[in-house]
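Descriptive structure summary
Each chain, letter by letter, is given below.
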Amino acid sequence: MTFTHDTEVALKTLAAFINTGIGTRPDRADGLLTTGDLDDFLAEQRFSGPRTRTAGELRAVRHLRTRLQRLWTADEEQVADGVNQLLRNARALPRVVRHDGWSWHLHCTSAAAPLEDRMATEAAMALADALRGGELDRLRACASPDCSAVLLDLTRNRSKRYCDTGNCANREHVRSYRTRQATRQKPAG
Ligand SMILES: [Zn+2]
Ligand SMILES: [Zn+2]
């Protein structure tokens, strides 16, 4: 197993969070435009705890998303700095907890801390785990030139190249097939 279960869950949530920003909806809109969008995202990710449901909360979460998007493909030093900043800003104080059917994992804020701080510390701890384990190269950008999504590669041989947000693997497969066909159909000589 590459990551502990809670780290894997947190990294998947983080990738999904970042990918709300790239317009994968049918209408190509940002996936976190309203507090209702945020409700849906948090429910989908089973992210519990208190909310204010204010415009300020949404703004803070969207700001956090931009910071985390940069960190996803950053180098080791940048990830270390970013993680430390996120933990410092949220005044992180780790404790082990167990709740809502999740087994033991770390929380770094009180249950009453603002949503953006709870999301920030969860992401920061997962990034710290990937950094410590030498697994940052599993956090990648999608290889499709038409796509700005991120992906988490959990394959044994680190072979995942395309995101899961749309149709990237399929599209690139068709593209390379057509290229091969075109090459083959050129007259010899
Ligand atoms: Zn938890
Ligand atoms: Zn993609």
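Presented here is a report on the structure given in the accompanying data block. (Residues numbered from 1 in each chain as written. Chains lettered and ligands numbered in written order. Predicted model: local features only at pLDDT ≥ 70, side-chain atom pairs only at ≥ 80, totals over all residues. Heavy atoms only, no water.)

Comments concerning the overall build of the protein chain
Using the following cut-off: Here a strand is any run of E in DSSP of at least two residues, a helix any run of H or I of at least four, and the numbering for each starts at the N terminus. The contact criterion used throughout is that any non-hydrogen atoms of two residues lie within 4.5 Å. Per-residue accessibility takes into account occlusion by the displayed protein chains alone, with areas from the Shrake-Rupley method and a 1.4 Å probe.
When helices and strands are counted, the protein chain shows 6 helices and 4 strands. Listing every helix and strand of the protein chain by position from the N terminus yields α-α-α-α-β-β-α-β-β-α. For the C-alpha atoms alone, the extent of the protein chain along its principal axes is close to 70 × 35 × 30 Å. Counting only contacts in the protein chain whose residues sit at least 6 apart along the sequence, the fraction spanning at least 24 positions is 52%. Accessible surface computed for the protein chain: about 11300 Å², of which carbon and sulfur atoms make up 51%.

Some details on the pattern of salt bridges
Applicable threshold: One speaks of a salt bridge when a side-chain nitrogen belonging to Lys or Arg is within 4 Å of a carboxyl oxygen belonging to Asp or Glu. Relative accessibility thresholds used throughout: buried, under 20% of the residue-type maximum; exposed, over 50%; partly exposed, between the two (1.4 Å probe, protein chains only).
The tally for this structure, following the rule as stated, stands at 15 salt bridges. Salt-bridge contacts for Asp137 lead to Arg158; the nearest nitrogen and oxygen are separated by 2.6 Å. With Asp137 in the loop between helix H5 (115-132) and strand S3 (139-141) and Arg158 in the loop between strand S4 (150-152) and helix H6 (168-185), the pair connects residues that are 21 residues apart, well separated along the chain. In this structure, the salt-bridge partner of Arg140 is Asp153, at a minimum N-O distance of 2.9 Å. On the criterion of sequence distance, the pair formed by Arg140 in strand S3 and Asp153 in the loop between S4 and H6 is long-range, its members being 13 residues apart. The residues Arg140 and Asp153 share a single accessibility class, namely buried. Ionic contacts of the salt-bridge type, sharing partners, join the residues Asp39, Arg51, Arg53 and Glu57 into one network.

Concerning the coordination of the zinc ion (ligand 1)
Note the threshold: Donor criterion used throughout: N, O or S atom within 2.8 Å of the metal, extended to 3.2 Å for Na, K and Ca. Water excluded; incomplete-looking sites may result.
For the zinc ion (ligand 1), the protein coordination sphere consists of His99 (NE2), His105 (NE2) and His107 (NE2), at 2.0 to 2.1 Å. Each donor residue of the zinc ion (ligand 1) belongs to the same chain, with the gaps between them written as H-x5-H-x1-H. A relative accessible area of 23% places His99 in the partly exposed class.

Considering the coordination of the zinc ion (ligand 2)
The condition is simple: Just to be clear on the cut-offs, tetrahedral is four donors with all angles between 85 and 135 degrees, square planar is four donors and octahedral six with opposite donors over 155 degrees apart and all others between 65 and 115, and anything else goes down as irregular.
For the zinc ion (ligand 2), the full set of protein donor atoms is Cys142 (SG), Cys147 (SG), Cys163 (SG) and Cys168 (SG), and the range of their distances to it is 2.3 Å. Geometry at the zinc ion (ligand 2) is tetrahedral, judged from its 4 donor atoms and the angles of 104 to 115° they form at the metal. Within one chain, the residues donating to the zinc ion (ligand 2) are spaced in sequence as C-x4-C-x15-C-x4-C. A residue pair is termed long-range when its members are at least 10 positions apart, and Cys142 in the loop between S3 and S4 and Cys168 in helix H6 qualify at 26 residues. Overall, Cys142 belongs to the buried group, its relative accessible area being 7%. Its relative accessible area of 4% is what places Cys168 among the buried residues.

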